[in-house]
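Now for the letters of each chain:
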Amino acid sequence: ARALTPQTAETDAIRFLVGTQSLRYDNQIHIIDFDDENNIINKNVLLHQVGEIWHLSTSPADKGVLATCYNKTSDTKVMTCAAVWRMPKELESGSHESPDDSSSNTQTLELLCHLDNTAHGNMACVMWEPMGDGKKIISLADNNILLWDLQESSAKAVLSSSTALEGKGQLKFTSGRWSPHHNCTQIATANDTTVRGWDTRSMRQIYCIENAHGQLVRDLDFNPNKQYYLASCGDDCKVKFWDTRNVTEPVKTLEEHSHWVWNVRYNHSHDQLILTGSSDSRVILSNMVSISSEPFGHMVDDDELSDQEDQHQEEKIKEPLQDSVIATYEEHEDSVYAVEWSSADPWLFASLSYDGRLVINRVPRALKYHILL
C-alpha cells in the first residue's frame, strides 16, 4: 500500500482511508475507524476494481466523496488515471460500532466521474480546494496542472483551466499541495528537484525554487498558520522549510532520515509539530518551534504575574524554544510511504508502509501538555 488520507470532512471521529496496490487481486479502500477510548481499530472494506491505488484524497466538504489516482492497463500500456467516487451512505461518517458479520460483505464504490486525462498524461495526484465546498479540484498529470469544476453533485468534471510546464526533457510533476492561505488561490508543485508556486486564477508561476533538493522532491506541505511557509522533502534525505517570499535559501533544514523522505506533514493545530516518513522505515516527529507561529511559547498575561515572576518571565520570553526531534517511531519494517495527521484529533497520526502495515500513534503526552499548558 502507498495511499493514505484522513477523512478531511470528518472532524468528530478518527478516521483514515488506505488504498491497496495489489497486482493479483481486486484493489480495495480500507476505511479505518479508530476508537480512541477503547484503543480499537474497526475496518470496513470497499472494492476499487479499476486498479492499483497510487494516491487518495477526500473532499473537505462531503464525508462520502473521495478521489483516487490508479493504474489502468490497456493495450500493453499502463496509464495512471483519476476518478471521483462516493462511498455507500451507511459508511460515510465514522461510527465506532463494529460491523456485524451479515453486513461486512465487501461493498463497492460508486463512480461519480472520471477526470479525463487522455490528452494530458499520467495523473500524479488530485488536490481539493482546502476551504472550499468540494466543487473545485486540481489534478497534476505529467507536466500539466488541470483545474476542474465538479458539477451536478460531482457527477461531471469540467476542465475550467490548465497550464503546462515547459522546458527540456521529460517534465513530470511528482506532487503538489493547495495552500489554505491567500483565499485558496495558490498551489505549490514539485517536479524533479524544483518546487514552484502557481496562482490558480491566472495559472501563472509566482515563485520557483530551483534545486530545492539535491535529488527528486517527493512531497510538500503548507504551514496552516503561517501563510508563506512551505515544507518540502526528497530523495536527498532532507526536509527543508521555505519562506516563499524569499526562496534563495531554506529557512531551516532537517537531516534526520537516512534514506528518501516520502512525506512531510504539518500538524493542523500546532504547526511546530512536523511528521516525516521515509524509506529508512522510520517515522520522525519533530518540534520545529523556531519557525512556528509560536516561536516563544505561549505569551503569558502580565496581570497574572507577581513582580518576581515578572522578571523571570521576561527573561524566558526572549529566548526562542529549541528545535528538536521529539520521537522516532520504528514499528515499520518497510518503506514508509505515507504519514497523515488525523483531522479529528490533533494529537494522533497514522503511518503506512509498503507492506500494508498501518500504525496509529500519539504525540507523547509530556509534549502535548507542554504545548497546551
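As the structure is a computational prediction, the values presented were derived from the model and not from experiment. (Residues numbered from 1 in each chain as written. Predicted model: local features only at pLDDT ≥ 70, side-chain atom pairs only at ≥ 80, totals over all residues. Heavy atoms only, no water.)

### Some thoughts on the overall build of the protein
Definition in use: A run of H or I in DSSP counts as a helix once it spans at least four residues, and a run of E counts as a strand once it spans at least two, with each numbered from the N terminus. A radius of gyration in this sense is built from C-alpha atoms; the matching globule rule multiplies 2.2 Å by the number of residues raised to 0.38. We call a residue buried when its accessible area falls under 20% of the maximum for its residue type, exposed when it is over 50%, and partly exposed in between, using a 1.4 Å probe and counting protein chains only. Pairs of residues are marked as contacts when any of their non-hydrogen atoms sit within 4.5 Å. Shrake-Rupley sampling with a 1.4 Å probe provides the accessible areas, and residues are treated as covered by the protein chains on show and by no other component. We score Asp and Glu as negative and Lys and Arg as positive, and we do not count His or the chain ends. Positions of charges follow a simple convention, taking NZ of Lys, CZ of Arg, CG of Asp or CD of Glu.
The helix and strand inventory of the protein stands at two helices and 28 strands. For the protein, the C-alpha radius of gyration of 21 Å lies close to 21 Å, the compact-globule estimate for 373 residues. A burial count over the protein gives 53% of its 373 residues as buried. Taking all contacts inside the protein whose residues are at least 6 apart in sequence as the whole, residues at least 24 apart take part in 50%. Surface summary for the protein: the accessible area is close to 17,500 Å², and the carbon and sulfur share equals 44%. In the protein, 32 side chains carry a positive charge and 55 a negative one; their mean positions are 7 Å apart.

### Focus on the sheet that holds strand β17 (residues 204-209)
Quick note on the threshold: The pairing criterion is simple: DSSP has to find at least two bridges between the two strands. Lines fitted to C-alpha atoms define the axes here, with helix axes fitted over just the stretch in contact, and angles between the N-to-C directions of these axes take values from 0 to 180 degrees.
Strand order in the open sheet formed by four strands is β14-β15-β16-β17, and the pairing between neighbours is antiparallel. The outermost strands of the open sheet, each flanked by one partner alone, are β14 (173-178) and β17. Across the sheet, the mean angle from the axis of one strand to that of its neighbour is 25°, orientation sign disregarded. As paired elements, strand β16 (residues 194-199) and β17 share five bridges and run antiparallel to each other. Across the sheet, residue G197 finds its bridge partner in β17, namely Y207.

### Brief notes about the UniProt feature "repeat: WD" (unreviewed entry) in the protein
Put simply, the test is: UniProt positions are given in the numbering used here, feature names are shortened, and annotations may be inferred rather than shown by experiment.
With numbering aligned to this structure, UniProt lists the feature "repeat: WD" (unreviewed entry) at residues 210-246. End-to-end, the C-alpha atoms of residues 210-246 are 12 Å apart, and along that stretch the chain is 0% helix and 46% strand.

### Thoughts on the nonpolar core
Worth spelling out the cut-off: Among the buried residues, those of types Ala, Val, Leu, Ile, Met, Phe, Trp, Tyr and Cys that are joined through side-chain atoms within 4.5 Å form a nonpolar core.
Formed by 17 residues in total, the largest nonpolar core has its most connected members in V84, L115, M123 and I137. When contributions to this core are tallied by element, the ones reaching two or more residues are β6 (65-74), β7 (77-86), β9 (110-115), β10 (123-128), β11 (136-141) and β12 (144-151). Grouped together as the second largest cluster of nonpolar side chains are 16 residues, I53, L56, Y70 and M87 included.

### Quick look at unusual backbone geometry
With the exception of glycine, most residues fall at negative phi, and the peptide bonds are largely trans. One non-glycine residue, D142, lies in the positive phi region at around 45°. Residue position: D142 is located in the loop between β11 and β12.

### Some thoughts on the packing of aromatic side chains
Inclusion rule: Ring geometry is summarised as follows: Phe, Tyr and Trp rings, the Trp one being its six-membered ring, pair when their centres sit within 6.5 Å, and such pairs are stacked at plane angles under 30 degrees, edge-to-face over 60 and tilted between the two.
Tallied over the entire structure, the rule returns six aromatic pairs. Taken together, a centroid distance of 6.2 Å and an interplanar angle of 70° make the contact between F241 and Y266 edge-to-face. Linking F241 in strand β20 (residues 239-243) with Y266 in strand β22 (residues 261-266), this pair joins segments that are 25 residues apart in sequence. According to the relative accessible area criterion, F241 is buried, its value standing at 0%. Accessibility expressed as a relative area gives 3% for Y266, which makes it buried. With a centroid separation of 6.2 Å and 50° between ring planes, the pair formed by W260 and W262 is classed as tilted. Residue classification places W262 among the buried positions, given a relative accessible area of 14%. Each residue in the set W260, W262, Y337 and Y354 is aromatic and connected to the rest through ring pairs, giving one cluster.

### What to know about the domain arrangement of the protein
The criterion, for reference: Each domain's extent was defined by an automatic or database domain assignment. By convention, the term buried area covers the 1.4 Å-probe accessible surface removed from two parts as they join, with the contributions of both added.
On domain assignment, one finds that the protein holds domain 1 (1-91 + 106-164) and domain 2 (167-293 + 319-372). One C-alpha centre belongs to domain 1, the other to domain 2; they are set 21 Å apart. Between domain 1 and domain 2, the residue contacts involve 40 residues of the former and 37 residues of the latter. Carbon and sulfur atoms make up 73% of the surface buried where domain 1 meets domain 2, a total of about 3,000 Å² over both sides.

### Some remarks on the side chain of D199
Within the element layout of this structure, D199 appears in strand β16. Sequence-distant contacts of D199, defined by excluding residues within four places in its chain, comprise T185, R204 and I206.

### Points about the side chain of Q7
Threshold: Whenever a nitrogen or oxygen atom comes within 3.5 Å of another N or O atom, the pair is scored as a polar contact, on the condition that within protein one atom can donate a hydrogen and the other can accept it, and that pairs from neighbouring residues in sequence are kept only if both atoms are in side chains.
On the secondary structure map, Q7 appears in the loop between β1 (3-6) and β2 (14-19). A polar side-chain atom of Q7 sits 2.8 Å from the main-chain carbonyl oxygen of E92. In this structure Q7 touches R15, L17, T58, K63, M87, E92 and S343, once residues within four positions along its chain are discounted.

### Concerning the sheet that holds strand β4 (residues 40-48)
Ordered by their spatial adjacency, five strands build an open sheet running β1-β2-β3-β4-β8, and the pairing between neighbours is mixed. Strands with a single pairing partner mark the edges of an open sheet, and in this sheet they are β1 and β8 (107-108). Where β4 meets β8, two bridges bridge the pair, whose relative direction is parallel. By the bridge assignment for β8, L46 is matched with Q107.

### Overview of the pairing of β10
A large share of β10 lies buried, amounting to five of its six residues. The pairing of β10 with β11 spans five bridges and is antiparallel. Within the sheet, the bridge partner assigned to V126 lies in β11 and is S139.

### Considerations on the pattern of salt bridges
It is possible for side chains of opposite charge to pair when their charged atoms get near one another. Defined as follows: Basic side-chain nitrogens of Lys or Arg form a salt bridge, by our definition, when they fall within 4 Å of a carboxyl oxygen of Asp or Glu.
Counted by the stated rule, this structure contains 15 salt bridges. Put simply, D235 and R218 hold a salt bridge, and the shortest N to O gap is 2.8 Å. Note that D235 is positioned in the loop between β19 (229-234) and β20 and R218 in strand β18 (residues 217-222), a separation of 17 residues in sequence. Given a relative accessible area of 7%, D235 falls into the buried group. The exposure class assigned to R218 is buried, which follows from its relative accessible area of 17%. With its nearest N and O atoms 3.2 Å apart, the salt bridge here joins R265 to E340. Taken together, the residues R265 in strand β22 and E340 in strand β26 (residues 336-341) connect sequence positions 75 residues apart. An identical accessibility class is assigned to R265 and E340; each is buried. Via salt bridges that share partners, D62, R86, K89 and E92 belong to a single interconnected network.

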